[in-house]
Amino acid sequence: MRTLALNEKPGLTVTHLFFGSGVRRGPAPEGSDVQRDPIFAGPRDVVRRRGFGRLVRVAALLAVTTSFVLAGTSVAAASPSPSPTPDTAEPTLVLSPLAHGVVPFGAALSSTIEVSNPTSADLSPAALTLELSDAPLGTTAELDDWIDDGRLGPEASVVDRPAVGTIAPGDSGIVVSTVAAEALAGRAPGVYALSATYGGDVVSRSAIVLQNESPAASSIGVIVAVTAGPRAAGLLSADELTALTGPQGRLTAVLSGVSGTSAVLAVDPSVLASIRVLGDSAPASALAWLDRLAALPNERFALQFGDADVSVQADAGLTTLLEPTSLDYAMSADDFTGSGPASTPNPDPAPTGSGVDDDTADDVITLPSLDELVSVPGSGAAIFWPAQGRADQNALRVLTQQPSPSGTPATVLLSSAEVRRSEVRAAAATADGIPLLVYEAGSSNAMRATAGAPADAAQASSARISAQIALEASNSSGPLLITTDRLPEVGATALRAAIDTVFAYPGVVPATLSALLDAERTSVESTAQQDTEAATHLDALLAGEASIAKFSSIIDDPSLLTAPERSSILQLIGAGWRDDPEAWAAALTAHADVTTKTLTSVAIQQPSTVQLVSPEAVLPFFVRNDLPFPVNVVLVSTPDNLRLDVERTTPVRAEPGVNTRVEVGVQARVGSGEVGIDLRLLSPTFEQVGPIQRADVTVRADWERIGIIGLGAIVVLLLGAGFARTVLRRRRARATDATSTEATNTDDPGAGESSNDPTPKSRDE
């Protein structure tokens, strides 16, 4: 026989499923003989069917389990694995011990074994081999090892060899196997490995509990997380709520699964807030779900908004846990007119003389407060539940220092896999005086697997829960705690099967949350280490939030940007992301891209080169606003030389979704040349918005023309002055000549006569 591990061969499915938990045992009846050879005890029925065999198996299992009726079916996986092709597929096997795998003292062991044929050829008739270990499994670790990849050694007995007939392609065959109580004689009470083999190499592993004649009483509490699963947006949309709260929705499945049980609910307030912010426009199914949650009698406590991981916040150095700042951005007054069940009318009418008309006062709508939106009805104790139940000692101190309504330190839920404790198990514990509730990792993992299994496989998987409880409860000193942790997938039938498996275990009494908190505490030590990678992611998210906060001052109501950012951060550090690290990394990258897009949504458009040919001009620039809100910024213009005088600051109100024109006045001062103008936008708080742009301006100023005219005027003046000087000098010369002539005539009287003689004289005379 060859036992195959999961994914060992393409197309081969090895199913580790259980349903039930068996009990039994006292000494073997006198004369009984337990052999290693096949034992054929009890009736065997082989059912072959096309589209019917699975129904037969479910009906047979339900006949021996607690009856219940549930609304809703399992939620499909977000990314299901592709179905194998008929050419590569191999038969699959599902072993399901009945009664959750619990065999009461002196009772027979009943199981169903389903063989499925996904191939394109008939499966020939063959015998199944059912083997049971001779020695009980001693610890939860041994049980986990067996289920994950165990092999039965020589110390195992073949207890049945049921036959299965021909199985056509696409069909399944179901065998009902019964092993008589006499065949189980000689085995002490405990947990035993059980396996079924088909064809020599297709194996399904399970476990049963052979119960004691007088089962010991134990108290166990169950906590179920009520969340919408990991997401990046701060709130659920109306369409998402319609799907989640519809008949096949995840949230409907959770409430259907816990209804009528004693399970404690851990509720994500963001789910409730997503419904309440929609007011009258909330889907009818979501409002009905909200009412149904409030009406459930189950004890409950509130998780952080978005199921944010509290330990990673402490690892990132935060001393106060993050909370949503506002949800007003998601509300519209039109949805709170008072006509719907979610409306909140204004309880205080405007007083007389207030300046508000009586008719207007009747129409004033009061939107719900943040506390009203996130409140979890019926929640009491302050309890923190870190992702995967992991928090180191520093994180525990930070968490217990958070304010609580009662004024007492909050209690922290930790996984038993993350603490060091004595061999005695108990949920109530302390670590250096810090109150804890420690839940059992083994049974919690088994319960989580069962609650997330398909409806027809959940019953097979439930046997592992019983086996874990048998090992854990055998050494307990107080009430135990089991959780579903965060469920990637959940179905109503599967979740109910998981819860019923716990509370139907012989001797188990449901433990209330109050009983768990008030129980005597044992001392433990946290062995968890800081999650530095997750803390680094949170640091990056908070850095982006700080940038958004600075940027948000450009809009009239900054909370329209900051509040959605905070809500998204809380969702992005949600505990549910830990099940899919790759999807988480992709969500973080996408959020970083959105943050960058927001921070660059308002900017100056790249300006073109400007030719300035006049002494004064107005330069046009454009401010782009991709936000859905108008923004208020200041355009600051700074030239790099003195050729231009520039209007340094220009207030701008840019409308959403458009490029707003901004005119900046300039004036040429001296000389032609190139001038660069640095353009930047500042917020009202003087934070730079968008990148700096540079406008190149070529100046062709008029001062040269003026200079030439001035020089020409100077030349004209100089020429005019020279001409005037020449004229004046000649006039002075003539005046001097005239004065000299008059003086000569006075000294020589004849000169006058001769000068008056009209008779010309020759040059010889």
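Just so it is clear, the structure is predicted and the values come from calculations on it, not from any experiment. (Residues numbered from 1 in each chain as written. Predicted model: local features only at pLDDT ≥ 70, side-chain atom pairs only at ≥ 80, totals over all residues. Heavy atoms only, no water.)

**Remarks on the environment of Pro377**
Piece 1. For Pro377, the position within the fold is in the loop between α10 (370-374) and β15 (383-384).
Piece 2. Among the residues examined, Pro377 registers a relative accessible area of 30% and is labelled partly exposed.
Piece 3. As a C-alpha pair, Pro377 and Arg300 span 77 residues in sequence and 8.5 Å in three-dimensional space.
Piece 4. If sequence neighbours within four positions are ignored, Pro377 has contacts with Leu272, Arg276, Ala294 and Arg300. (Helix = DSSP H or I, 4+ residues; strand = E, 2+ residues; numbered from the N terminus. Buried < 20%, exposed > 50% of the residue type's maximum accessible area, 1.4 Å probe, protein only. Contact = heavy atoms within 4.5 Å.)

**Considering empty space enclosed by the protein**
Piece 1. What the rule picks out here adds up to four cavities of 30 Å³ or more.
Piece 2. By volume, the second largest cavity amounts to about 70 Å³.
Piece 3. Considering the residues around the second largest cavity, the lining is formed by 13 residues, among which Gly229, Pro230, Gly306, Asp307 and Gly576 are closest to the centre.
Piece 4. Grouping the constituent residues of the lining of the second largest cavity by class yields four nonpolar, six polar and three charged. (1 Å grid on protein atoms, 1.4 Å probe; cavity = no way out; pocket = protein on both sides within 12 Å on 5 of 7 lines; lining within 4 Å. Points joined across faces, edges and corners; volume = space filled by probe spheres on them. Nonpolar A, V, L, I, M, F, W, Y, C, P; charged D, E, K, R; others polar.)

**Thoughts on the layout of surface pockets**
Piece 1. Within this model, the second largest pocket holds a volume of roughly 770 Å³.
Piece 2. Taken together, 25 residues line the second largest pocket, and the ones lying closest to its centre are Pro269, Ala302, Leu303, Gln304 and Glu323.
Piece 3. The set of elements that each furnish at least two residues to the lining of the second largest pocket consists of α10 and β15.

**Section: a negative patch on the surface**
Piece 1. Together, Glu142, Asp145, Asp148 and Asp149 give the surface a local cluster of negative charge.
Piece 2. Among the secondary structure elements, Glu142 is positioned in helix α2 (residues 140-149).
Piece 3. A relative accessible area of 38% places Glu142 in the partly exposed class. (Patch = residues over 30% accessible without salt bridge, like charges linked within 9 Å, V, L, I, M, F, W, Y side chains within 5 Å. Areas by Shrake-Rupley, 256 points an atom, 1.4 Å probe, with all protein chains shown as cover. Salt bridge = Lys/Arg side-chain N within 4 Å of Asp/Glu carboxyl O. Lys, Arg positive; Asp, Glu negative; His and termini not counted. Charge placed at Lys NZ, Arg CZ, Asp CG, Glu CD.)

**Some remarks on α2**
Piece 1. Buried residues of α2: Thr140, Leu143, Trp146 and Ile147, and no others. Angular distribution of buried residues about the axis of α2 spans 125°; they occupy a single face of the element.
Piece 2. Check the buried side of α2 and you find it contacts β10 (190-198), β11 (202-210) and α13 (455-473). (Arc of directions from axis to C-beta.)

**Notes on α13**
Piece 1. Taking 1.5 Å per residue as the helical rise, α13 with its 19 residues ought to reach 27 Å, and the 27 Å between its terminal C-alpha atoms agrees with that figure.
Piece 2. Ser461 marks where α13 bends most, by close to 30°.
Piece 3. Summarising burial for α13: 17 of the 19 residues are buried, a large majority. (Expected span 1.5 Å × (residues − 1). Bend = angle between axes of the 7 residues up to and from the residue.)

**Comments concerning the pairing of strand β3 (residues 92-97)**
Piece 1. Counting buried positions along β3 yields six of six residues, so the element is predominantly enclosed.
Piece 2. Burial along β3 is two-sided: the face carrying Thr92, Val94 and Ser96 and the face carrying Leu93, Leu95 and Pro97 are both buried.
Piece 3. Note: β3 against strand β5 (residues 109-116), six bridges, orientation antiparallel. Following the sheet pairing, Thr92 is matched in β5 by Ser116. (Pairing = 2+ DSSP bridges.)

**As for unusual backbone geometry**
Piece 1. In the Ramachandran plot, His100 falls in the positive-phi region, its phi being about 60° despite a non-glycine side chain.
Piece 2. Considering the arrangement of structural elements, one finds His100 in the loop between β3 and β4 (101-103).
Piece 3. Classification of His100 by relative accessible area gives buried; the value is 9%.
Piece 4. Even without being a glycine, Asp307 presents a positive backbone phi close to 55°.

**Considerations on the packing of helix α12 (residues 441-451) against α13**
Piece 1. It is at 8 Å that the axes of α12 and α13 come closest, and there the two elements cross at 170°. By the angle between their axes, α12 is roughly antiparallel relative to α13. Between α12 and α13, the residues in contact are Gly442, Ser443, Ala446, Met447, Ala449 and Thr450 and Ala458, Ser461, Ser462, Arg464, Ile465, Gln468, Ile469 and Glu472, respectively. (Axes fitted to C-alpha atoms, helices over the stretch in contact; angles between N-to-C directions. Parallel < 35°, antiparallel > 145°, perpendicular 65-115°, else oblique.)

**Comments concerning the packing of aromatic side chains**
Piece 1. The tally for this structure, following the rule as stated, stands at one aromatic pair.
Piece 2. Ring centres of Trp385 and Tyr439 lie 6.1 Å apart, and the angle between their planes is 75°; this geometry places the pair in the edge-to-face category. Taken together, the positions of Trp385 in the loop between β15 and α11 (393-400) and Tyr439 in strand β19 (residues 434-439) put the pair 54 residues apart, joining distant regions of the chain.
Piece 3. The residue whose ring lies beneath Arg205 is Trp146, and the NZ or CZ to ring-centre distance is 5.9 Å.
Piece 4. Directly above the ring of Trp385 sits Arg486, whose terminal nitrogen or CZ lies 4.2 Å from the centroid. (Phe/Tyr/Trp six-rings, centres within 6.5 Å; stacked < 30°, edge-to-face > 60°. Lys NZ or Arg CZ within 6 Å of the ring centre and 35° of its normal.)

**Digging into the pattern of salt bridges**
Pairing between side chains of opposite charge can happen when their charged atoms approach one another.
Piece 1. Following the criterion strictly, the structure yields 19 salt bridges and no others.
Piece 2. Put simply, Arg421 and Glu440 hold a salt bridge, and the shortest N to O gap is 2.8 Å. Taken together, the positions of Arg421 in the loop between β17 (419-420) and β18 (428-431) and Glu440 in the loop between β19 and α12 put the pair 19 residues apart, joining distant regions of the chain.
Piece 3. Its relative accessible area of 0% is what places Glu440 among the buried residues.
Piece 4. For the salt bridge of Asp626 with Arg624, the shortest nitrogen-to-oxygen distance reads 2.6 Å.
Piece 5. Each of the salt bridges in this network shares a partner with another, and the network as a whole consists of Asp309, Arg390, Asp531 and Arg578.

**Focus: the nonpolar core**
Piece 1. Counting residues in each nonpolar core, the largest one holds 83 residues, and the members touching the most others are Val191, Trp289, Val502 and Leu538.
Piece 2. Among all residues touching Val191, those that are not within four sequence positions of it are Pro136, Leu137, Leu143, Ala207, Ile208, Val209, Ala467, Ala470 and Leu471.
Piece 3. Counting 32 residues, the second largest nonpolar core, distinct from the first, contains Val602, Val610, Phe621 and Leu627. (Core = buried A, V, L, I, M, F, W, Y, C linked by side-chain atoms within 4.5 Å.)

**A closer look at the confidence of the model for the protein**
Piece 1. Of the residues in the protein, 80% have a pLDDT of 70 or more, and the chain-wide mean is 82.
Piece 2. Within the protein, the lowest mean pLDDT, 34, falls on strand β1 (residues 20-21), and the highest, 97, falls on helix α6 (residues 269-276).
Piece 3. Overall, residues 751-756 carries pLDDT values under 50, and its contacts beyond four positions in sequence, including any with other chains, amount to two contacts.
Piece 4. For residues 758-765, every residue scores under 50 in pLDDT, and the model assigns this stretch zero contacts once sequence neighbours within four places are set aside. (pLDDT = per-residue confidence, 0-100.)

**What about the pairing of strand β29 (residues 649-654)?**
Piece 1. Only one face of β29 is buried, namely the one carrying Thr650, Val652 and Ala654, since none of Thr649, Pro651 and Arg653 on the opposite face is buried.
Piece 2. Relative to β29, strand β27 (residues 631-639) runs antiparallel, the two sharing six bridges. Within the sheet, the bridge partner assigned to Leu635 lies in β29 and is Thr650.

**Section: the sheet that holds strand β16 (residues 411-415)**
Piece 1. Within the open sheet, the five strands sit side by side as β15-β16-β19-β18-β22. Their pairing is mixed. Strand pairing shows two members of the sheet lacking a second neighbour, β15 and β22 (522-523), which therefore form its edges.
Piece 2. Here α11 sits on the sheet and contacts β15, β16, β18 and β19; the angle it forms with β19, its principal contact strand, is near 115°.

**Some details on the packing of helix α5 (residues 250-258) against helix α14 (residues 492-503)**
Piece 1. Here α5 crosses α14 at 30°, and the two axes come no closer than 8 Å. Taken as axis vectors, α5 and α14 run roughly parallel relative to one another. Handedness of the α5/α14 crossing: right-handed. Facing α5, whose interface residues are Ala253, Val254, Ser256, Gly257 and Val258, α14 presents Ala492, Leu495, Arg496 and Ile499.
Piece 2. Classifying every residue of the contact of α5 with α14 by side-chain character gives six nonpolar, two polar and one charged. (Left-handed = near helix turned anticlockwise from the far one by under 90°.)

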